[in-house]
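Close look at the chain arrangement
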Amino acid sequence: MEFTANEVKQLVQKHYLLGVEVAPLQGYDEFNYRITDTSGRKFILKITGEEKQYSFLDAQLRILDHLTVTDVAWKFQQILRNKNRQELTPVFKDGKQYYVRILTWLDGECWATVPLKTKELYLDLGHFLGETDEAMREFQHDALHRHYTWDISTAADANKLLHHIPDPEKRRLAGYFLLAFETEVLPVLQDLRHACIHGDANDYNVLVQHGRVSGLIDLGDMVYTALVNNVAIACTYAMFNAADPLQAAAWVIEGYHQAFPLTEQEVDLIYYLIAGRLCISVTQSAYQASQGSSNSHHFVTEKDAWQLLNALIQINPLRAADTFRKACGMASLINKEDDYSQLLRERKAVIGRNLSISYRKPLKIVKGALQYLYDDKGDTYVDCVNNPSHVGHCHPVVVKAMQRQIATLNTNSRYLSDHLVAYAKELLSTLPPNLAVVYFTNSGSEANDLAIRMSRHFTGRKEVMVLDHAYHGTSTVAMEMSPYKFDGKGGFGQMPYIHKAVSPDLYRGEFRYDDPQAGEKYAADVAQILERNPGKIAAFICETLLGVGGQIPLPDNYLTQVYQYIRAAGGVCIADEVQVGFGRVGEKFWGFELQQVQPDIVVLGKPIGNGHPLAAVVVTREIADAFDNGMEYFNTFGGNPVSMVAGRAVLEVIRSEQMQQHALETGNYLMAGLRSLMEKHRIISDVRGFGLFIGAEMVKDHVTMEPAVDEINAVVEKMKERGFLLSTDGPLHNVLKIKPPMVFNKQNATDLVRHLDEVLTAINN
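Summary of the structure given here. The structure displayed is predicted, hence computed values, not measured ones.

What counts, and at which threshold
Every chain is numbered on its own, with residues counted from 1 as its sequence reads. Where totals are concerned, whole chains, interfaces and linings use all residues; where local detail is concerned, this predicted model gives features only for residues with pLDDT of at least 70, and gives and counts side-chain atom pairs only at 80 or more. Only hydrogens and water are set aside when side-chain values are computed; all heavy atoms of the structure are taken into account. Helix and strand labels come from DSSP, where a helix needs a run of H or I of at least four residues and a strand needs a run of E of at least two; each type is numbered from the N terminus. Think of it in three bands: with a 1.4 Å probe and only protein chains considered, a residue is buried below 20% of the maximum accessible area for its type, exposed above 50%, and partly exposed in between. Should any heavy atoms of two residues lie within 4.5 Å, those residues are considered in contact. Residue exposure ignores everything except the shown protein chains as possible cover, and the areas themselves are Shrake-Rupley values with a 1.4 Å probe. Classification of ring pairs rests on two measures: the distance between centres of Phe, Tyr or Trp rings, Trp counted by its six-membered ring, which must be within 6.5 Å, and the angle between planes, read as stacked under 30 degrees, edge-to-face over 60 and tilted in between. Here an angle of 0 to 180 degrees is reported between the N-to-C directions of two axes, which are lines fitted to C-alpha atoms, with helices fitted over the stretch in contact. Any angle from 65 to 115 degrees is called roughly perpendicular, while one under 35 is roughly parallel, one over 145 is roughly antiparallel, and all others are oblique. By definition, turning the near helix anticlockwise from the far helix through less than a right angle yields a left-handed crossing, and turning it clockwise yields a right-handed one. Classification convention: Asp, Glu, Lys, Arg as charged; Ala, Val, Leu, Ile, Met, Phe, Trp, Tyr, Cys, Pro as nonpolar; all other residues, Gly among them, as polar. In what follows, salt bridge is the name for a side-chain nitrogen of Lys or Arg lying within 4 Å of a carboxyl oxygen of Asp or Glu. Each nonpolar core is a collection of buried residues, namely Ala, Val, Leu, Ile, Met, Phe, Trp, Tyr and Cys, held together in the definition by side-chain atoms within 4.5 Å. Pairing between two strands is assigned when DSSP locates at least 2 bridges connecting them.

Thoughts on the overall build of the protein chain
Scanning the protein chain from terminus to terminus reveals 22 helices and 28 strands. Referenced to the eigenvectors of the C-alpha coordinate spread, the extents of the protein chain come out at roughly 110 × 60 × 50 Å. For the protein chain, the proportion of its 765 residues judged to be buried stands at 58%. Taking the contacts inside the protein chain whose residues are at least 6 apart along the sequence as the reference set, 73% of them involve residues at least 24 apart. For the protein chain, the computed accessible surface area is about 32,000 Å², with 50% contributed by carbon and sulfur atoms.

Shown next, in the form of structure tokens:
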């Protein structure tokens, strides 16, 4: 219950014998008032309820006493005793006891409102905190050995409040950094130096006057914790709204290290400690909002904290650690001169040489963070092409689910498992009712292999129809039905039992975008193959958007007509959703739904486990019953508990974070941006796709359609240099492939389009 200004005036008169004017101030969990006596002296009066123990209030007073004989004494408040020479004054209101204390007023402007912050000011902040920690290193008080919400060392506790963050993107971002804190900080936390620290050098507690730090107020967050937390907290708030947040933090660290040297281990953790502090802040704000708080102090830094978290994830942690090390004069962590020649030699010696590497200058990626990848040179890349990491690299929900399960049990499917059945049910609930039985495998290649085996068993036939330029995997059977491989360099040629239907390409094919009957006309080629091979075709298989074939959406009514032909001829219809499914296309959850068809078999892979080796074949009950012919089907790892938990977590994330809708909106936004470039740069001749499955074809000439292979390769390399990882696809290798993790956002899309515009402008000039 708040005290009125008049009540405060009376208790000051009674207990301190002072006549004062009173002005209420905002506070997080105490009542604060500025009081001014008749001579013009200003003080701050604090009233604390019983929820804060007397011993903790005593600790705050003892530290002020301790600092009075140090070089930083004049930057801290002094205690005004009451008429009985007591530092704390007990008062009562409505049957509840409170404690009053009065401290001298420190002049200065809050750091948050200082319009121009110079390098010297950042250095001074760090130096002052270093001096303070040096002065406090011998201070001890039992009350400061406490478990405290705002102590960075307890940041992992913020996981319990994540669900209060309503925005999925923000919740995911905070969850990622809390996962990183648990991974990078918690294992070494007890090895760090510990001390009693101020614990809250935030932008409203740090005072500035004449371009220098003039004071530090509010001892309510004092705690015994890892010493480095103090400078990490100061860095956090010093980075707010800075033109170069990383440089701002480096200056604070440099100043601190000059006054009170840090260890290399401490410096290397500061990036994660800053993130931990921000996660505490945003989860606390979310929690207070959920409780209906009207206290503006609960939300005063919320906007800045989210902005900094978004900036932080775009900074390679290795770059941050290296920058902070250099600020302290320590050895660098990054070897820019390493060209990986030794690693490449070792790779060639022990790894098959036809396992290709992307880009002319290879990348060594050491860490992933949602839609970002970090290399060992300190650079950050927006991942625009890694579709297996469907819900984002190291998505915290998926990672934690897998961690829990692998620490509990992982075994084969010969034992009963709730996870196996539960996941199968959840997966089937996303599919048409005719698809009723699931077989789990470890890869899309293996799943395609099994799908063909089942179709051959069901029909009693061997021959398979595929689309030209298709790719279905690396197993022997999958390679046999992948023209992209068997017709390519080193390929073994087309097997007599494999039939190629023409690729329904609306840009390069015989029937184009302007033909409303293109789907039916392309489907006629399938009918002709069936006529030439009566009673032979076991299955027709195609991706429901063509990936390696050129990022090509199928023409309207194409699969509707093809499936009719195949079924009339006694064949099975297989939808390869390995690259397409799980909401990527935005408008629908599955690619085949865009064609309004129901396959007999659906093959799933890549995104199903967010990069974990998991895949599935989903079939009708008739096909499953026929396959159950007495020969056991057993897959050692297919359906193992860890894989099932991974799959369930991915489905949960897609649902809870509305990723399908996100893919629709972000994909449409990105394609609009790319089409605007097509009007400006004639090298882009076609932009196509659905959701976050997008292709942009590049040609030298719109009439001849000569593929711009050299140019597109140059674009990919230049975009990599700018921090965007792209790739090419298509039979002519001239289609820019864009299939990012589903967490790729509109800002990423805006940045991608802007940089692509600049690259194309430079190439054209």
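Here the narrative resumes, following the displayed structure.
Points about the packing of aromatic side chains
Scanning the model with the defined rule gives 21 aromatic pairs in all. Note on Y439 and F627: the rings are 5.7 Å apart at their centroids and 85° apart in plane angle, and the pair reads as edge-to-face. Pair noted here: Y439 is in strand β15 (residues 435-441) and F627 is in helix α18 (residues 621-627), with a separation of 188 residues, a long-range link. For the pair Y439 and F627, a shared accessibility class is recorded, and that class is buried. Residues Y439 and Y633 carry aromatic rings whose centres are separated by 5.5 Å and whose planes lie at 85° to one another, so their mutual orientation is edge-to-face. Linking Y439 in strand β15 with Y633 in the loop between α18 and α19 (641-656), this pair joins segments that are 194 residues apart in sequence.

Structural notes on the environment of L506
Relative to the elements of secondary structure, L506 occurs in the loop between β17 (498-501) and α16 (518-532). With relative accessibility at 14%, the residue L506 sits in the buried group. Distance in space between the C-alpha atoms of L506 and Y522 is 9.7 Å, their sequence separation being 16 residues. Not counting residues within four places of it along the chain, the set of residues in contact with L506 comprises F511, R512, Y513, A518, Y522 and P555.

Examining the packing of helix α7 (residues 264-290) against helix α8 (residues 302-312)
For the pair α7 and α8, the least separation of the axes is 9 Å and the interaxial angle reads 140°. Taken together, the axes of α7 and α8 lie oblique to each other. Considering how the two elements wind past one another, α7 and α8 form a crossing that is left-handed. Across from Y271, I274, A275, L278, C279, S281, V282 and S285 in α7, the residues of α8 making contact are E302, A305, W306, L308, L309 and L312. Looking at the contact of α7 with α8 residue by residue, the class counts come to 11 nonpolar, 2 polar and 1 charged.

A short note on the pattern of salt bridges
Across all of its chains, the model carries 36 salt bridges by this definition. Linking R648 and E426 is a salt bridge whose minimum nitrogen-to-oxygen distance equals 2.9 Å. Placement of R648 in helix α19 and of E426 in helix α12 (residues 418-428) is noted, with a sequence separation of 222 residues between them. Judged by relative accessible area, which is 26%, R648 ranks as partly exposed. Between D468 and K500 there is a salt bridge; the shortest N-O distance is 3.8 Å. Of this pair, D468 sits in the loop between β16 (463-467) and α14 (476-480) while K500 sits in strand β17, and the two are 32 residues apart along the sequence. Residue D468 is classed as partly exposed on the basis of its relative accessible area of 22%. In this structure K500 comes out as partly exposed when scored by relative accessible area, which is 27%.

Let's talk about the nonpolar core
Membership of the largest hydrophobic core comes to 194 residues, with the highest contact counts inside it found for F177, L427, F540 and Y558. At 13 residues, the largest contribution of residues to this core is made by α7. Setting aside residues up to four positions removed in sequence, L427 forms contacts with V438, F440, F582, L604, I608, A616 and L651. Counting 27 residues, the second largest nonpolar core, distinct from the first, contains I452, V464, V466 and I601.

Quick word on α8
Turn by turn, an α-helix covers 3.6 residues, leaving residues three or four places apart pointing in a common direction. Listed in full, the buried residues belonging to α8 are D304, A305, W306, L308, L309 and L312. At its buried positions, α8 is contacted by α4 (168-184), α5 (228-238), α6 (245-259) and α7.

Comments concerning the pairing of strand β9 (residues 206-209)
The side chains of a regular strand alternate, residue by residue, between the two faces of the sheet. Summarising the sheet, strand β7 (residues 109-110) and β9 pair through 2 bridges and their orientation is antiparallel. Directly across from E109, in β9, lies its bridge partner V208. The pairing of β9 with strand β10 (residues 212-216) spans 4 bridges and is classified as antiparallel. Within β10, the residue paired with V206 across the bridge is L216. The antiparallel pairing of β9 with β10 creates a hairpin that spans 2 residues between the two strands, and H210 there sits at a positive phi of about 55°.

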